[in-house]
Amino acid sequence: MNFVKTFTYSSILAVLLLVQSCTSQPGAGQLKNGDLLFVTAKETGLSGAINNVTQKQKEASFDHIGIVEKENNHWYVLHAAPKGGSQKQDLTSFLKDQSDDGQKVMIYRLKSDYQKSVPEALKKAESMVGKPYNFNYILDDNSYYCSDYIERAFRESKIFTLEPMTFIDPKTGKTNEFWTAFYKKKNLAVPEGEPGCNPNGLAASEKLERVGEL
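As the structure is a computational prediction, the values presented were derived from the model and not from experiment.

Asks: How should unusual backbone geometry be read in this particular structure?
Replies: Trans is the common state for peptide bonds, and a negative phi is the common state for residues other than glycine. Positive phi outside glycine occurs at Asn73, with the angle close to 65 degrees. Here Asn73 lies in the loop between strand E2 (62-71) and strand E3 (74-81). Residue Asn73 is classed as exposed on the basis of its relative accessible area, which comes to 55%. The phi dihedral of Asn187 falls on the positive side, at around 55 degrees, and the residue is not glycine. Note on placement: Asn187 falls in the loop between helix H6 (177-185) and strand E9 (195-196).

Asks: Is there a simple way to explain the side chain of Gln115 in this structure?
Replies: Tracing the backbone through its elements, the reader meets Gln115 in the loop between strand E5 (105-110) and helix H4 (118-128). By relative accessible area, Gln115 is classed as buried at 18%. A polar side-chain atom of Gln115 sits 2.7 Å from the main-chain carbonyl oxygen of Leu110. Residues in contact with Gln115, not counting those within four places in the same chain, are Lys32, Asn33, Arg109 and Leu110.

Asks: Is there a simple way to explain the nonpolar core in this structure?
Replies: Most often, soluble globular proteins have nonpolar side chains that are buried together. Within the largest apolar cluster, 35 residues are counted, with the highest numbers of intra-cluster contacts made by Leu36, Phe38, Ile150 and Phe154. Among the elements that line this core, the one with the most residues is H4, at five residues. When sequence neighbours within four positions are dropped, the list of residues in contact with Leu36 reads Ile65, Gly66, Ile67, Met106, Ile107, Tyr108, Leu110, Ile150, Phe154, Phe160 and Leu208.

Asks: I tried to follow H4 on my own but got confused; where do I start?
Replies: Residues spaced three or four apart along an α-helix point in a common direction, a consequence of the helix completing one turn every 3.6 residues. For H4, the set of buried residues is Val118, Ala121, Leu122, Ala125 and Met128. Projected onto a plane normal to the axis of H4, the buried residues spread over an arc of 120 degrees and lie on a single side. Opposite the buried face of H4, by more than 90 degrees, sit the exposed residues Lys123 and Ser127. Turning to H4, the residues buried within the fold contact E2, E3, strand E4 (85-90) and helix H5 (146-153). Downstream of H4 by one or two residues, Gly130 has phi in the positive range, about 105 degrees.

Calculation notes
Residues numbered from 1 in each chain as written. Predicted model: local features only at pLDDT ≥ 70, side-chain atom pairs only at ≥ 80, totals over all residues. Heavy atoms only, no water. Helix = DSSP H or I, 4+ residues; strand = E, 2+ residues; numbered from the N terminus. Buried < 20%, exposed > 50% of the residue type's maximum accessible area, 1.4 Å probe, protein only. Polar contact = N/O pair within 3.5 Å; in protein donor to acceptor, adjacent residues only side chain to side chain. Contact = heavy atoms within 4.5 Å. Core = buried A, V, L, I, M, F, W, Y, C linked by side-chain atoms within 4.5 Å. Arc of directions from axis to C-beta.

Geometric descriptors of this kind do not, in isolation, establish any biological role.
Pasting the structure below:
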């Protein structure tokens, strides 16, 4: 009888621990190692300015991106952000930051033909952790902005490509006023036409498929 009770208690405990591990990080059940998390853009400020000159799809409007990695049965997001620079952040903490700002997180995944590039990309992403954030959005090997960080992670396998950046407001045909003032304060010329990348451009890649909302 004692054996039965012990077995029953052990079984219950195992189930509870399993449930706890599955629910400790909301939404993690639909994730796959190497998935890309795109954060929806705001309509104003820096977020709105980025989206204004980069949006490519009506249904996709993003201003941030990170890549997920599972380590010791726990999920993390590797990304470059103004607060903290290039970092490895707990998934739950990452999701809370976006939720607090009223933004949603969408999951994109490399199509099966390109999944083989994930392990090397994660190694590269890990190697870049600790680098400062690139507040000028002009390519620099010593600091990274969010999409730049992800492009570099997959650069060896050529998943994404750098394209000429534009800061032209499509509605006016002129340089967006936000960016004119932004670079004027930095005593820099607007880097129109310089190579770069952005979340909307990466999301539009034919090598990705949209999985759903996290």
